[in-house]
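A structural walkthrough
Each chain, letter by letter, is given below.
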Amino acid sequence: MPDTIFEKLPSGVAKITLNRPDSLNAMGGDLMPLLSQHLREAAYDSSVRCIVLTGAGRAFCAGGDVKGMAARQDILGDSNGNAPSSPSGQLARSLQFLRQSQRDTSLMLHTMPKVTIAMINGHAVGAGLSLALACDMRIASDKAKIGTAFRNVGFSGDFGGSYFMTKIAGIETARYMYYTGEIVDAERAHSLTLVSKVFPHDDLEAETMKIAEHIAAGPTLAYARMKENLNRAETSDLATALDAEALNMLLSGQTKDHIEAARAFVEKRQPTFAGE
């Protein structure tokens, strides 16, 4: 089985499963390159209208493959496990590799013109938590455990976790979670606003898919404009945000989905959105 599984469902939902269960879906092997590939495919496939990211087995994602790193066969080396000949060359290659991997995964999840949902079925720690935080929302099992955990292996953190956690839960929570490395349960994560919903473990997939299918049945192009507005609001001033909202409002008003919704309103019926 591949290290990442991509499924396109008839509902318009794409399900991406991190599939290294024996290592708690740690970011080794082909997991990250395949995740990047599948995210690109989902982003540009018009039949995909919502993306659900989850993990196989007992975990969502345990973060970096520490064993692979220690063996110089993961982020610290090249794709064949060969280290560059000099320390400066090794650092340059490692930096280039990590930056590109972050852009292809966390940045893609955060900026692609589709709604992304992390279905947290178990442990989401380190860079695994960063991937979940990069999604538009997080739906967690009541058995889920989340934490930064970087301090436990002497790392500072990557894949956007410090950025996303600060935006989502505030600087106080981000500092506490990063400095202590505490692993919190799903209810505590919900109280910190780090997850959107918590469901009993056995109901997690059904409930998450219900939310994803509701989104997938909606106005996909309007969602893309909403996501652009919300992402811009993280960093822009009000005047800039207002100008962008005005443009996106007019653009979304030109879509077939808006025309259908307006007709449905007049005809007193529910609209049928085609994502166009």
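Residues numbered from 1 in each chain as written. Predicted model: local features only at pLDDT ≥ 70, side-chain atom pairs only at ≥ 80, totals over all residues. Heavy atoms only, no water.

**Re the pairing of strand β5 (residues 115-120)**
To keep it simple, the criterion reads: To sort residues, take the accessible area from a 1.4 Å probe on protein chains only and compare it with the maximum for the residue type: under 20% means buried, over 50% means exposed, and anything in between is partly exposed. Helical segments are the DSSP runs of H or I of at least four residues, strand segments are the runs of E of at least two, and each set is numbered from the N terminus. Strands were regarded as paired on the criterion that DSSP finds at least two bridges between them.
For β5, a buried count of six out of six residues is recorded, marking the element as mostly surrounded by other parts of the structure. Inspection of the sheet shows strand β3 (residues 50-55) paired to β5 by four bridges, in the parallel sense. Bridge pairing links isoleucine 51 to threonine 116 in β5.

**Remarks on the nonpolar core**
What counts, and what does not: Within this scheme, the nonpolar core is defined by two criteria: the residues are buried Ala, Val, Leu, Ile, Met, Phe, Trp, Tyr or Cys, and they are joined through side-chain atoms within 4.5 Å.
Within the largest apolar cluster, 47 residues are counted, with the highest numbers of intra-cluster contacts made by Met27, Leu35, Leu53, Phe60, Ile120, Met165 and Leu194. Listed in part, the 14 residues of the second largest apolar core include Val115, Ile117, Met209 and Ile215.

**Focus on the confidence of the model for the protein**
Keep this limit in mind: Per-residue confidence from the predictor is given as pLDDT, running between 0 and 100. Throughout, a contact is declared for two residues whenever any of their heavy atoms are within 4.5 Å.
For the protein, per-residue confidence averages 92 on the pLDDT scale, and 93% of positions sit at 70 or higher. This stretch, residues 72-77, has a pLDDT under 50; its non-local contacts, to residues over four places away or in other chains, come to 18 contacts.

**Quick look at unusual backbone geometry**
A positive phi angle is found at leucine 24, which is not glycine, with a value near 60°. Among the structural elements, leucine 24 can be located in the loop between β2 (13-18) and α1 (31-44). Residue class for leucine 24 comes out partly exposed when judged on its relative accessible area of 25%. Phi is positive for alanine 149, close to 65°, though the residue is something other than glycine. Locating alanine 149 in the fold gives a position in the loop between β8 (145-147) and α5 (161-169).

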